[in-house]
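Listed below, chain by chain, are the residues.
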Amino acid sequence: QVQLEESGGGLVQAGGSLRLSCTASGRTFSSYAMGWFRQAPGKEREFVAAISRSGAYKDYADSVKGRFTISRDNAKNTVYLQLNSLKPEDTAVYYCASRLVYTQRTPKTVGEYDYWGQGTQVTVSS
């Protein structure tokens, strides 16, 4: 069982930045691909970014490419999401997720992940 806890959300003006963190329990963090998803009110949960178990491979949704950066520190059991140039449409609850993998894959769908955090709210004002 893996427990994930997100932090770092908040209220920010358009054009601002935030850094989200997600810390995982357990001793095998480096065996998990990690992803960030978000869900706005009335909308489905959508993929934002994913990172391979080693951190060598990363994938992003088109809507955040060039603005968001995913990274991880396996020694700290933590994955990060740096959010820059924020827009009001980035407002959502952001979730981190993990999946046990045996390759350097970067899963991009909700159904591919096994464990989820409780989410952290990001609100961008115009």
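Before reading on, note that the structure itself is shown above.
Presented here is a report on the structure given in the accompanying data block. Keep in mind the model is a prediction, meaning the values are calculated, not measured.

Helices and strands together make up the secondary structure of the chain, namely 0 helices and 11 strands. When the helices and strands of the chain are placed in sequence order, the string is β-β-β-β-β-β-β-β-β-β-β. Its C-alpha radius of gyration of 13 Å places the chain within 12% of the 14 Å reference for a compact globule of 126 residues. Each principal axis of the C-alpha distribution contributes one length, and for the chain these read about 40 × 25 × 25 Å. Within the chain, contacts between residues separated by at least 24 positions form 60% of all contacts whose residues are at least 6 apart in sequence. Taken as a whole, the chain presents about 6,400 Å² of accessible surface, with 45% of it coming from carbon and sulfur. A gap of 5 Å separates the mean positions of the 15 positive and 11 negative side-chain charges of the chain.

Our next topic: the side chain of S52. Looking at the element boundaries, S52 is found in the loop between β5 (46-51) and β6 (58-60). Among the polar contacts made by the side chain of S52, one reaches the main-chain amide nitrogen of A56 at a distance of 3.3 Å.

Burial analysis of strand β3 (residues 18-24) places 5 of its 7 residues in the buried class, the great majority of the element. When β3 meets strand β8 (residues 78-83), the two strands line up antiparallel, connected through 6 bridges. By the bridge assignment for β8, S21 is matched with Y80.

Our next topic: the pattern of salt bridges. Taken as a whole, this structure holds 6 salt bridges when the rule is applied. In this structure, E46 and R38 form a salt bridge, with 2.6 Å as the shortest nitrogen-oxygen distance. D90 is paired through a salt bridge with R67; the nearest N and O atoms lie 2.7 Å apart. In this pair, D90 is assigned in the loop between β8 and β9 (92-100) and R67 in the loop between β6 and β7 (68-73), connecting sequence segments 23 residues apart. Connected via shared salt-bridge partners are R38, E46, R67 and D90.

With that settled, consider the nonpolar core. Among the nonpolar cores identified, the biggest contains 32 residues, and W36, L81 and Y94 are the most heavily contacted of them. Contributing elements (two or more residues each) for this core: β3, β4 (32-39), β5, β7, β8, β9 and β11 (120-125). Among the elements that line this core, the one with the most residues is β5, at 5 residues. Setting aside residues no more than four positions away along its own chain, L81 makes contact with L18, R19, L20, W36, V48, A49, F68, T69, I70 and Y94.

Another aspect to go through is the packing of aromatic side chains. Counted according to the given criterion, the structure contains 4 aromatic pairs. Each ring, one from F37 and one from F47, has its centre 5.7 Å from the other, and the planes form 75°; the classification is edge-to-face. With F37 in strand β4 and F47 in strand β5, this pair connects stretches of sequence that are 10 residues apart. Judged by relative accessible area, F37 falls into the buried class, the value being 0%.

Summed over the entire model, instances satisfying the criterion amount to 1 disulfide. Here C22 engages in a disulfide with C96; their sulfurs sit 1.9 Å apart. Across the disulfide from C22 to C96, rotation about the S-S bond amounts to roughly 45°, and the bridge is consequently right-handed. Residue C22 is found in strand β3, and its partner C96 is found in strand β9; the two are separated by 74 residues along the sequence.

Definitions and cut-offs
Residues numbered from 1 in each chain as written. Predicted model: local features only at pLDDT ≥ 70, side-chain atom pairs only at ≥ 80, totals over all residues. Heavy atoms only, no water. Helix = DSSP H or I, 4+ residues; strand = E, 2+ residues; numbered from the N terminus. Rg over C-alpha atoms; globule rule 2.2 N^0.38 Å. Contact = heavy atoms within 4.5 Å. Areas by Shrake-Rupley, 256 points an atom, 1.4 Å probe, with all protein chains shown as cover. Lys, Arg positive; Asp, Glu negative; His and termini not counted. Charge placed at Lys NZ, Arg CZ, Asp CG, Glu CD. Polar contact = N/O pair within 3.5 Å; in protein donor to acceptor, adjacent residues only side chain to side chain. Buried < 20%, exposed > 50% of the residue type's maximum accessible area, 1.4 Å probe, protein only. Pairing = 2+ DSSP bridges. Salt bridge = Lys/Arg side-chain N within 4 Å of Asp/Glu carboxyl O. Core = buried A, V, L, I, M, F, W, Y, C linked by side-chain atoms within 4.5 Å. Phe/Tyr/Trp six-rings, centres within 6.5 Å; stacked < 30°, edge-to-face > 60°. Disulfide = S-S within 2.5 Å.

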